[in-house]
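# Coordinate inspection notes
The primary structure of each chain is shown beneath.
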Amino acid sequence: MLSQSITKFILVPLAVALLSMPVAARALYDFVNGGSCWRQGDWLINTGGGFVRRGLFGDIFIVLSDLTGLDLLLVVQFFQMSLFALLAFMIWMLCIRTPHLRITILLLASPGFLLFFWASDVQGTMRKEIFILLALALLAFGAQSRKLSPVLPIAAVALFTLGCIGNIMIGFMAPSLIAAFYLLWQAGKMSRRAFGVYTAIILAMSALWLAVSLLFKEVPALAGMCAPLVARGLDPIFCDGAMSWTITGKVDHTAQLLAKITPASLAIFALMTTLSLLPLFMSLRVFAERRFLLVLALLCFVPMLPLYVMATDWGRWVSTSYTAYAFLVLLALSLNRLSITAPPRLAFVFGLLALSLLLTPEHGINWMPGGALRSIAITFDELVF
């Protein structure tokens, strides 16, 4: 009992803090150095050069900056870090409130789980999958309560909608969010009417913003989009990253994808995906409801498959799908939808934790030797010395 309390209230928050440190340090680095054309640039795509996918996000941040008088980069990063801090806090809460701590740690201890993934590859941090993952984390948190607060489903749908506006990939995660609402309804946590309304909104937002993304995929020039940012103090070079991908003919996505697909890169991707899915495979042994778990896995992974022929962020998509699966399993476990047949051995859990600290996928089609542990050590060295 004492060891479990130490794990919940000392070791888990310490682990969350250490894994969050490289992400926070990179955000500070970005702010000091005028921002990243990828980590913040993607959030500042705007409609200054014409209506374009993701553009409303940038417009909103520009308006907020003007209204508050705050630096534009600060506004964006405050929003990003608030979402990340809330997600990290929810992960800690899920660990504190669960009676199945070892299983919870097993599910979270994957090289592909967001905290390990972002800690090891800071170049891939602050991407918009955080919206859907935070939505699922909030629902998993709510499932641990005797009565589900109505604020949590509303917040989850709002986060999903914002994510759909910001990135086409979030729409492909609609099945996993609907699955979470379905499980809550089946457990009596919400009414059938509420489940129907939330499902309709999720499907409508997914379809609407997918259509918007396809119809307004590109604009003819970068100047109109970049001008509002330069006028508010950002360097013009800031516009050469994510924003340039929305310019007509600027990027040949197919050529970039084919250039990165080699036998070596495919072998590395296969290895890292297998390692990332070890807790998923283990969950099929831990719980009796294997068919149910396979359905959850399919709902998280299969809808994302079209993205793999569009661009090269394969590591991000595996991480997003696996993290969503972990939250859904924790939600189902809290609702007594799963029965434990073979609790994981402590040695296996610790071995998986060590693996996740030392070797993680990169956001593209590659890996990060040294993983989160190397990133934490580098961050600590730079901050202290």
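In this convention, every chain numbers its residues from 1, walking through the sequence in written order. Given that the model is predicted, a residue must reach a pLDDT of at least 70 before its local features are reported, and side-chain atom pairs must reach 80 or more before they are shown or counted; all residues, however, enter totals for whole chains, interfaces and linings. With hydrogens and water stripped out, all remaining heavy atoms of the structure feed into the side-chain values.

We now examine the pattern of salt bridges. Definition used for salt bridges: Asp or Glu carboxyl oxygen within 4 Å of a side-chain nitrogen of Lys or Arg. Going through the model one piece at a time under the given rule, you end up with six salt bridges. A salt bridge links R54 to D42, with the shortest nitrogen-to-oxygen separation between them at 2.4 Å. Taken together, the residues span a long stretch of sequence, with R54 in the loop between helix 1 (2-32) and helix 2 (55-68) and D42 in the loop between helix 1 and helix 2 at a distance of twelve residues. When accessible area is computed with a 1.4 Å probe and restricted to protein chains, residues below 20% of their type maximum are described as buried, those above 50% as exposed, and intermediate ones as partly exposed. According to the relative accessible area criterion, R54 is buried, its value standing at 18%. The secondary structure listing takes helices from DSSP runs of H or I that are at least 4 residues long and strands from runs of E that are at least 2 residues long, numbered from the N terminus.

Structurally, V76 is set in helix 3 (residues 72-97). Counting along the chain gives 36 residues from V76 to Q40, while the straight-line C-alpha distance between them is 7.0 Å.

Turning next to the state of the cysteines. Here, two cysteine sulfur atoms that lie within 2.5 Å of each other are counted as a disulfide. Enumeration over the complete set of coordinates arrives at one disulfide. Residue C226 pairs covalently with C239 via a disulfide, S to S 1.9 Å. In this structure, the disulfide formed by C226 and C239 twists by about 75° around the S-S bond and is classed as right-handed. Placement of the pair is C226 in helix 11 (residues 223-230) and C239 in the loop between helix 11 and helix 12 (253-260), with a sequence separation of 13 residues. Each member of the pair, C226 as well as C239, carries the same accessibility label: buried. Not engaged in a disulfide, the cysteine C164 finds its nearest cysteine sulfur in C300; these two sulfurs lie 15 Å apart. Residue classification places C300 among the buried residues on the basis of a relative accessible area of 0%.

Before going further, it helps to spend a moment on the packing of aromatic side chains. Only centres within 6.5 Å qualify two rings of Phe, Tyr or Trp (six-membered ring in Trp) as a pair; their planes then separate them into stacked at under 30 degrees, edge-to-face at over 60, and tilted for everything else. A complete count under the given rule lists 22 aromatic pairs for this structure. Judged by centre distance (4.9 Å) and plane angle (80°), the rings of F51 and F216 are edge-to-face. Taken together, the residues span a long stretch of sequence, with F51 in the loop between helix 1 and helix 2 and F216 in the loop between helix 10 (192-215) and helix 11 at a distance of 165 residues. A residue is classified by how much of its surface remains accessible, and F51, at 37% relative accessible area, is partly exposed. A relative accessible area of 36% places F216 in the partly exposed class. Through pairs of rings, three or more aromatic residues link up here, namely W43, F57, F61, F79 and F131. To sit over a ring, a charge needs its Lys NZ or Arg CZ within 6 Å of the ring centre and within 35 degrees of the ring normal. Of note, K128 hangs over the ring of F57, and the distance from its end group to the ring centre comes to 4.9 Å.

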